[in-house]
Amino acid sequence: MAPKQKLIIDTDPGQDDAVAMLLAFASPELDVLGITTVAGNVPLALTQENARKICDLAGCTDMPVFAGAEQPLARSLVTAEHVHGSTGLDGPVLPPPATPLQDGHAVDFLIDTIRSEDSGSVTIAPIGPLTNIAMALRKAPDIAERIGRIVMMGGGYFEGGNITPAAEFNIYVDPQAAAEMFAAGIPITMMPLDVTHKAMTTAARTAAIRAIGSKTAVAVADMLEFYERFDEEKYGSDGGPLHDPCTIAWMLQPERFSGRHCNVEIETESDLTMGMTVIDWRQVTDRPHNAFVVGDLDADAFFRLITDRLAKLP
Ligand code: RIB
Ligand code: CA
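Predicted model, so just to flag it, every value in this text is computed and none were measured.

## Points about the overall build of the protein
Then comes step 1: Across its full length, the protein carries 13 helices and 10 strands.
Then comes step 2: Against the 2.2 N^0.38 benchmark of 20 Å for 314 residues, the protein shows a C-alpha radius of gyration of 18 Å, consistent with a compact globule.
Then comes step 3: Along the three orthogonal principal directions, the C-alpha set of the protein runs to about 50 × 45 × 40 Å.
Then comes step 4: Of the contacts formed within the protein by residues at least 6 apart in sequence, a portion of 82% connects residues at least 24 apart.
Then comes step 5: For the protein, the accessible surface area stands at approximately 12,000 Å², while carbon and sulfur atoms represent 51% of it.

Structure (structure tokens):
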């Protein structure tokens, strides 16, 4: 087997974040060095606790989990309890976390790990607002050239926005942080709504996860059945978009995804379009290509991968 890919997941759990974390934990191709948490779907006090509960589910109680930014760089925090519920992980009833919260700030863990691991060997997967990433780059600009790749979920173009007509939630919460990350010269793979809206949980796919029958699989099915109600009630869809696991699945099976190298800029001035990701998909400018933007995936393969890997967890 190829050498394990080293990975730090930066997250705001969130049911879809939970599936991304569990997919990573269940995949021997990956070496998850730690979990850094950020305020987003719900406040930091809950996202860090939820991340620890997810580690418990997978039996990874020794996984280093750090708390990071409580607020965006400059704007007031916007949360998404309307989607994820008051705990951020509504659906299953999970016990208080056994996985400890590490001392120290998530930003310092990011910096120290990138500095201590071989240059270029670590991937960072931000699947929430990008505040921790921007803070780390501001505090330690030297790490930009040492980060192997960023594989992030956020933004949208043809799909528009999901928190405003123009902006996707992760970018909207901290547009300045996103702008600084996209300008840092780090190789980025971007999973916008344009691909994640093609990764719908559907009743059949959720039932296949529940049919695994394990504690983790049943908890995931309970999470998804809560999470998908928002899209089902609002849009009449079958299921909801499973955004965040697209990052991990791309690391495992990139051939199941397609996209193109583009320029991505972030709106940080206009109130109307704040947090919009302006993706030059049709290459109409000579702006530098700063991201590989993913537009499509093999959704059946995506859910087969998730189901197969969840079956390996307790
Ligand atoms: O817009 C979807 C993103 O916002 C996902 O990461 C979801 O977990 C929320 O954080
Ligand atoms: Ca998230």
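## Digging into the pattern of salt bridges
Then comes step 1: Evaluated as defined, the whole model comprises 11 salt bridges.
Then comes step 2: Ionic pairing is found between Glu 180 and Arg 138, a salt bridge with its closest N-O pair at 2.6 Å. Within this pair, whereas Glu 180 is found in helix H7 (residues 175-182), its partner Arg 138 is found in helix H5 (residues 131-139), the two being separated by 42 residues in sequence.

## A few points about the coordination of the calcium ion (ligand 2)
Then comes step 1: For the calcium ion (ligand 2), the full set of protein donor atoms is Asp 12 (OD), Asp 17 (OD), Asp 17 (OD), Ile 127 (O) and Asp 244 (OD), and the range of their distances to it is 2.2 to 2.6 Å.
Then comes step 2: Assessed through its relative accessible area of 0%, Asp 12 is described here as buried.
Then comes step 3: Residue class for Asp 17 comes out buried when judged on its relative accessible area of 0%.

## Describing the sheet that holds strand E7 (residues 257-262)
Then comes step 1: Pairing is mixed across the open sheet formed by eight strands, whose spatial order is E3-E2-E1-E4-E5-E6-E10-E7. Each of the sheet's edge strands pairs with one partner strand only, and the pair in question is strand E3 (65-67) and E7. Taken over all neighbouring pairs, the strand axes of this sheet differ in orientation by 25° on average, direction set aside.
Then comes step 2: Seen against the sheet, helix H2 (residues 44-58) touches strand E2 (30-37) and E3 and runs at an angle of roughly 175° to E3.

## Observations concerning the packing of helix H1 (residues 15-25) against helix H13 (residues 299-310)
Then comes step 1: One can describe the packing of H1 onto H13 by two numbers: an axis separation of 9 Å at closest approach and a directional angle of 65°. Once H1 is placed against H13, the crossing between them reads as left-handed. On H13, the residues that touch Val 19, Leu 22 and Leu 23 of H1 are Leu 305, Ile 306, Arg 309 and Leu 310.
Then comes step 2: Among the residues forming the contact of H1 with H13, the class breakdown is six nonpolar, no polar and one charged.

## Remarks on the side chain of Thr 201
Then comes step 1: Inspection of the secondary structure assignment puts Thr 201 in the loop between helix H8 (193-196) and helix H9 (203-210).
Then comes step 2: Polar side-chain contacts of Thr 201 include one of 2.5 Å to the side chain of Glu 228.
Then comes step 3: Setting aside residues up to four positions removed in sequence, Thr 201 forms contacts with Thr 206, Leu 224, Glu 228, Gly 239, Gly 240, Leu 242 and Phe 303.

## Some words on unusual backbone geometry
Then comes step 1: Here Thr 202, not a glycine, exhibits a phi torsion of approximately 50°, which is positive.
Then comes step 2: Mapped onto the secondary structure, Thr 202 falls in the loop between H8 and H9.

## Considering helix H12 (residues 245-252)
Then comes step 1: Most of H12 sits out of view: eight of its eight residues are buried.
Then comes step 2: When we look at burial in H12, the residues that qualify are Pro 245, Cys 246, Thr 247, Ile 248, Ala 249, Trp 250, Met 251 and Leu 252.

## Remarks on the packing of aromatic side chains
When we look at a pair of aromatic rings, we describe it by the centre distance and by the angle of the planes.
Then comes step 1: The final tally for this structure, using the stated rule, is four aromatic pairs.
Then comes step 2: A ring pair is formed by Phe 66 and Phe 109, whose centres lie 4.4 Å apart and whose planes are at 20°; its orientation type is stacked. One end of the pair, Phe 66, is in strand E3; the other, Phe 109, is in helix H4 (residues 106-116), with 43 residues separating them in the sequence.
Then comes step 3: Measuring from ring centre to ring centre gives 6.0 Å for Phe 158 and Trp 281, while their planes differ by 85°; the resulting arrangement is edge-to-face. Placement of Phe 158 in the loop between strand E5 (149-153) and helix H6 (169-173) and of Trp 281 in the loop between strand E9 (277-279) and strand E10 (291-297) is noted, with a sequence separation of 123 residues between them.
Then comes step 4: Each member of the aromatic cluster is reached from another via a ring pair, and the members are Tyr 157, Phe 158 and Trp 281.
Then comes step 5: The ring centre of Tyr 172 lies 5.2 Å from the NZ or CZ of Arg 75, which sits over that ring.
Then comes step 6: Stacked on the ring of Phe 226, the Lys or Arg Arg 229 has its end atom at 3.9 Å from the ring centre.

## Re the site of ligand 1
Then comes step 1: Surveying the vicinity of ligand 1 reveals 13 residues, the closest of which are Asp 16, Asp 17, Asn 162, Glu 168 and Asp 244.
Then comes step 2: A distance of 2.8 Å separates an oxygen atom of ligand 1 from a polar atom in the side chain of Asn 162.
Then comes step 3: Between ligand 1 and Asn 170 there is a distance of 2.9 Å, counted from an oxygen atom to a side-chain nitrogen or oxygen.
Then comes step 4: When ligand 1 sits alone it has 280 Å² of accessible area, and the protein chains cover 96% of it.
Then comes step 5: Mapping ligand 1 onto the cavity grids shows that it belongs to the largest pocket.
Then comes step 6: Of all elements in the fold, only H1 and H6 reach the threshold of two or more residues within the shell around ligand 1.
Then comes step 7: Partitioned by chemical class, the residues of the shell around ligand 1 number three nonpolar, five polar and five charged.

Criteria and thresholds
Residues numbered from 1 in each chain as written. Chains lettered and ligands numbered in written order. Predicted model: local features only at pLDDT ≥ 70, side-chain atom pairs only at ≥ 80, totals over all residues. Heavy atoms only, no water. Helix = DSSP H or I, 4+ residues; strand = E, 2+ residues; numbered from the N terminus. Rg over C-alpha atoms; globule rule 2.2 N^0.38 Å. Contact = heavy atoms within 4.5 Å. Areas by Shrake-Rupley, 256 points an atom, 1.4 Å probe, with all protein chains shown as cover. Salt bridge = Lys/Arg side-chain N within 4 Å of Asp/Glu carboxyl O. Donors = N, O, S within 2.8 Å, 3.2 Å for Na, K, Ca; no water. Buried < 20%, exposed > 50% of the residue type's maximum accessible area, 1.4 Å probe, protein only. Pairing = 2+ DSSP bridges. Axes fitted to C-alpha atoms, helices over the stretch in contact; angles between N-to-C directions. Left-handed = near helix turned anticlockwise from the far one by under 90°. Nonpolar A, V, L, I, M, F, W, Y, C, P; charged D, E, K, R; others polar. Polar contact = N/O pair within 3.5 Å; in protein donor to acceptor, adjacent residues only side chain to side chain. Phe/Tyr/Trp six-rings, centres within 6.5 Å; stacked < 30°, edge-to-face > 60°. Lys NZ or Arg CZ within 6 Å of the ring centre and 35° of its normal. Near = heavy atom within 4 Å. 1 Å grid on protein atoms, 1.4 Å probe; cavity = no way out; pocket = protein on both sides within 12 Å on 5 of 7 lines; lining within 4 Å. Sits in = over half its atoms within 2 Å of the grid points.

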